[in-house]
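If you want the building blocks of each chain, they are given just below.
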Amino acid sequence: MKIGVIADDFTGASDIALTLAEGGMRTAQYIGVPDGNTSARVDAGVVALKSRTAPVAEAVSESLAACKWLVHQGAKQIIFKVCSTFDSTDEGNIGPVLDALADALGEDQVIVCPAFPENGRSVYQGHLFVADRLLNESGMQDHPLTPMKDADLRRVLAPQTKRTVGHIPARTVAQGALAMRAAMPSVQTHVIVDAIQDADLRAIGAAAKDRKLLCGGSGIAIGLPANFGAKAATPAWRGVAGKGVVLSGSCSRATREQVEKYCGKFASFEVTAEKAVGGEIDVEALADWVVAQDRPLVYSSADPDVVRAAQAKFGREASATAIEGLFADLAAALKLRGVTRIVVAGGETSGAVVRGLAAQVLEIGPRIAAGVPAVKVDGIALALKSGNFGGPCFFKEALALMEDTV
C-alpha cells in the first residue's frame, strides 16, 4: 500500500476512492478498521469511519486506529478525508483528529484543502465557496447536524486545534510546488491552501509529495497518484441487473430536488421522524412493499424547518438514531429479498445502509457522477451519494448506470 485514507463518513470514502482509482491506483474501501492484513495488490486503502458527528474522543480513537493499520500495511502517506464542505462545529472533530494524526505521524505542517472544483467547491482567500456562494450562504447553514455559519476556513478550524492555522493564497499556488513549499510556515501548523481549479490541486499534490499527512476533500487526491508513478485509468465494472431501490436520508437542497423529481415518476414512501421514533413503521412490511414496486424511493429527506421541528420534539440524537436504524434494518431486509441495486443519498444514511448489509470491503467501480462511484459488495451494486452531489435526475441515472458493464 502506498496511500492510506481515513474518511470520516462513508460517502466521502467512496468519493476519494474513486479519485484514487481514476488516478490509476488499485483501490479498496474498507468499512471500519479491518482485523487482518490487506492484499499486497492494493495501492490505496480507504478506511471508512462514521466519525464526522461522533464524540471527539471516539473520533480521535477510531482515526488513530485506522492510521496505525494503514501504516502497518505500508502506507507512506495518510489523507484525512473530510467533506468538501468542511462540515464541523467549534466542538467538532476535524481539528482534534487532525492534531492527533499529525502527532502520531510526526508531521509538523499539514496541508488542508477541501476544494473539489468539479463539484463547485473552491477555496479562495481562505474562504470556501459552493459554486458562486460562500459556504454559509449555500444551504449548509441549515445542515441538521453540522450547520456551517462561516466560510472562512481559518476561523472554522482555529477553535478546534491546538496548532496555529496558516494560509497559502491562490497567487502562491499558481506559482507551483516549489513556491508552495517555500511558503510553508516553520512552526507546527495546519495550512489552508487555496484551490480554484484542478490544476491547483495537481500543483498541491506535487508540493505534498513527501508529506506524511494531508487533509481535505477528495480533490486533494487528484495530484497524488502521479507521485507514485500511477497513470489515469477507468476502474473495471461488471453491471448488476435485478431489483433496484433508492434510499434517501439527506436533507440537502440538491437531494430534496432529486427526491421531488423522482417522486413524480416512481412510487415513494416517506419516513418521518415521528413514525421512526415511535416505532410505527414495520420494516418487514416496508421491504415487501419495496420489492413489489418498480425502482421505488424510501426517503426521510425533509425541509430544514421540518427537521428542526422534529429535533425540538424528539431530540436531535433520538431522531437521527431512529431514522438511521430503520434504514439499516431495511437494507438488511432488502438483501434477504434479493434486491441488487441500491442508491443511497446522505453520508449518515450510507453508513446505516452499509452497516445493514454487513459490508466489510467495497469494490470500487467507475463514476456515476462527479464524486460518486458505483461500488459493489456481495453481488449488490451501490451508489453512496453525498447529499449535495449529483444532478436533478441522479437517482434514475444511477440505477441505470449500475446495470451497465464497462
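Quick note: structure is the one above.
Cut-offs and rules
- Residues numbered from 1 in each chain as written.
- Predicted model: local features only at pLDDT ≥ 70, side-chain atom pairs only at ≥ 80, totals over all residues.
- Heavy atoms only, no water.
- Helix = DSSP H or I, 4+ residues; strand = E, 2+ residues; numbered from the N terminus.
- Expected span 1.5 Å × (residues − 1).
- Buried < 20%, exposed > 50% of the residue type's maximum accessible area, 1.4 Å probe, protein only.
- Pairing = 2+ DSSP bridges.
- Salt bridge = Lys/Arg side-chain N within 4 Å of Asp/Glu carboxyl O.
- Phe/Tyr/Trp six-rings, centres within 6.5 Å; stacked < 30°, edge-to-face > 60°.

Caption draft 1: Fine view of helix 3 (residues 94–105). Taking 1.5 Å per residue, 12 residues should reach 16 Å; helix 3 reaches 16 Å between its end C-alpha atoms and fits that length. Among the 12 residues in helix 3, 9 count as buried, and that is most of the element. Buried within helix 3 are the following residues: Ile94, Gly95, Val97, Leu98, Asp99, Ala100, Leu101, Ala102 and Leu105. At the C-terminal side of helix 3, Gly106 shows a positive phi close to 70°.

Caption draft 2: Representation of the sheet that holds strand 6 (residues 121–124) within the structure. The 3 strands lie next to each other as 6-7-8, forming an open sheet whose pairing is antiparallel. Sheet topology places strand 6 and strand 8 (133–134) at the edges, where each strand pairs with a single neighbour. Inspection of the sheet shows strand 7 (residues 127–130) paired to strand 8 by 2 bridges, in the antiparallel sense. Directly across from Val130, in strand 8, lies its bridge partner Arg133.

Caption draft 3: The pattern of salt bridges, seen in detail. This structure, assessed with the given rule, holds 21 salt bridges. Between Glu107 and Arg211 there is a salt bridge, and its shortest N-O distance comes to 3.2 Å. Of this pair, Glu107 sits in the loop between helix 3 and strand 5 (109–113) while Arg211 is found in the loop between helix 7 (198–207) and strand 11 (213–216), placing the two residues 104 residues apart along the sequence. Judged by relative accessible area, which is 18%, Arg211 ranks as buried. With a shortest N-O distance of 2.7 Å, Glu284 and Arg337 are connected by a salt bridge. With Glu284 in helix 10 (residues 283–291) and Arg337 in the loop between helix 12 (316–336) and strand 15 (341–345), this residue pair connects regions lying 53 residues apart in the sequence. Residue classification places Glu284 among the partly exposed residues on the basis of a relative accessible area of 43%. The network of salt bridges with common partners includes Asp8, Asp9, Arg52 and Asp87.

Caption draft 4: Broad picture of the packing of aromatic side chains. Summed over all chains, the structure comprises 6 aromatic pairs. When the ring of Tyr30 is compared with that of Trp69, the centres are 5.1 Å apart and the planes differ by 70°; the resulting orientation is edge-to-face. Note that Tyr30 is positioned in strand 2 (residues 27–31) and Trp69 in helix 2 (residues 56–72), a separation of 39 residues in sequence. Taken as a pair, Tyr30 and Trp69 share a single burial class, namely buried. Ring centres 6.3 Å apart and planes at 70° place the aromatic pair Phe394 and Phe395 in the edge-to-face group. Here Phe394 falls in the buried class, since its relative accessible area comes to 1%. With relative accessibility at 1%, the residue Phe395 sits in the buried group.

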